[in-house]
Amino acid sequence: MLEQRVGLGEIAREWGRIGLLGFGGPPAHILLLRRLCVERRKWMEPGEFEDGIAATNLLPGPASTQLAIFTAWRLRGTAGALVGGACFISPGLVLILALSVLFLAGDPPLWVLGAAAGAGAAVPAVAVQAATSLVPGSFARVGRERAARARWVGYALAGAVAAILTGPWLVLVLVAAGLAEVAVRARGRRVALPAAVALPALPVLGGLGAVAWVAFKVGALSYGGGFVIIPLMQDDAVHRYHWMTDGQFLNAVALGQVTPGPVVHTVAAVGYAAAGLGGGLLAAAVAFAPSFLFVVLGARHFDRLRADRRVQDFLTGAGPAVVGAIAGSAVPLAASLGEGWQWGVLAAALLWLVAARRGVVLTLLAAGAAGVIAAAAGLPVS
């Protein structure tokens, strides 16, 4: 039974504020939610909040969005989850659709082309930074056993190769790595392994059905969230359905990074490129629907989920594959760069993000400004 009974209007206001101010991805979202729910309002105990973080990280999809939905559920049940989650998602969704109209227009102004080319050039560096930030926690999870560490390296390499070569089939590699670790750690225990995921093999759809299918894969099949969705989308959006060029896809990823809220908002830009405003709204609705379902239907069972050894073993294997996939996604993203000056922007962004450990949003804005300068100087930006 819930201990709190917070009004839906208050949930809408506070979660909307976090959605509006949540620049910087999951770390920023978690910090803002903690300040609100634990420190300022004391709606949740610190340990309960940490358990929420741990449980939502066990689920596929955007973990910080699921945490926002979970904390609102904790205060007002299903109604709170729906209101809080929608208000957390909406500000970034509105902004990324508005920017998509500008950046994905058929004949945008020259300065827009320059800003897009500059910000897009920095996106592969963001992928590398996202992967390196996950390495310490993921590597520590496997323990000190030499064989376990060797498997970690193998899973990471498999994820990287899959991200470079397989596109939407990446999810099968992530699941296979998790199941392999479950099998290895069973050590003679009888463990029921779930059937391999075969969803990417469904017949190719068209129109809005294709938009919904791509969005569903992003929302329901992407372990690790964030940049692991990029190779899942790029092959479909650019090569299979031809909704976008490589350069436009880079723009969409950059927009997902510079807007507040979850990075999964990138899928709304892809949906907009495919079918206009309706496609963008459909893509967002389908991509976020699994997160609401996971929390509303499963929140009462989160403790049991965290205690399940098979789940923990699965994530021990899938985790490094996710890290490798995020790092590997930088290769096709970098291959999309078409102008020499963009490689200079990429090199500067790598130094700024990975060596100097600076923020993503500031990096992308600076890269966009460099693109505007390049366009003004007469350098090619298309």
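Computed from a prediction, not measured in an experiment: that's the story for all the values here.

K.L.:
If you had to explain the environment of L75 to someone new, which residues and values would you point to?
P.N.:
Note on placement: L75 falls in helix α4 (residues 63–103). Remark: the alpha-carbon pair of L75 and R5, spanning 70 residues in sequence, is separated by 5.8 Å.

K.L.:
Please set out unusual backbone geometry residue by residue, giving values where relevant.
P.N.:
Look at K42: it is not a glycine, yet its phi comes out positive at around 55 degrees. In this structure K42 comes out as exposed when scored by relative accessible area, which is 62%. Of note in this structure, H242 is not a glycine but carries a positive phi near 60 degrees. When you line up the elements, H242 lands in the loop between α9 (229–240) and α10 (246–258). By relative accessible area, which is 59% here, H242 ends up exposed.

K.L.:
So, a nonpolar patch on the surface: which residues are in play, and what are the values?
P.N.:
Together, V161, I164, L165 and V331 give the surface a local cluster of nonpolar side chains, amounting to about 360 Å² of exposed area. Of all the elements, helix α6 (residues 146–165) adds the most residues to the nonpolar patch, at three residues. Its place among the elements puts L165 in helix α6.

K.L.:
Outline α4, listing residues and values.
P.N.:
Its 41 residues place the ends of α4 only 28 Å apart at the C-alpha level, less than the 60 Å of an ideal helix rising 1.5 Å per residue. At R76, α4 shows its largest kink, close to 145 degrees.

K.L.:
Account for the packing of α6 against helix α7 (residues 170–186), with residues named and values stated.
P.N.:
One can describe the packing of α6 onto α7 by two numbers: an axis separation of 9 Å at closest approach and a directional angle of 165 degrees. Accordingly, the angle class assigned to the pair α6 and α7 is roughly antiparallel. Relative to α7, the crossing made by α6 is right-handed. Contact with α6, carried on its side by A148, R151, Y155, A158, G159, A162 and A163, involves L170, V173, A177, A180, E181, V184 and R185 of α7 and no other residues of that element.

Rules of the game
- Residues numbered from 1 in each chain as written.
- Predicted model: local features only at pLDDT ≥ 70, side-chain atom pairs only at ≥ 80, totals over all residues.
- Heavy atoms only, no water.
- Helix = DSSP H or I, 4+ residues; strand = E, 2+ residues; numbered from the N terminus.
- Buried < 20%, exposed > 50% of the residue type's maximum accessible area, 1.4 Å probe, protein only.
- Patch = residues over 30% accessible without salt bridge, like charges linked within 9 Å, V, L, I, M, F, W, Y side chains within 5 Å.
- Areas by Shrake-Rupley, 256 points an atom, 1.4 Å probe, with all protein chains shown as cover.
- Salt bridge = Lys/Arg side-chain N within 4 Å of Asp/Glu carboxyl O.
- Expected span 1.5 Å × (residues − 1).
- Bend = angle between axes of the 7 residues up to and from the residue.
- Axes fitted to C-alpha atoms, helices over the stretch in contact; angles between N-to-C directions.
- Parallel < 35°, antiparallel > 145°, perpendicular 65-115°, else oblique.
- Left-handed = near helix turned anticlockwise from the far one by under 90°.
- Contact = heavy atoms within 4.5 Å.

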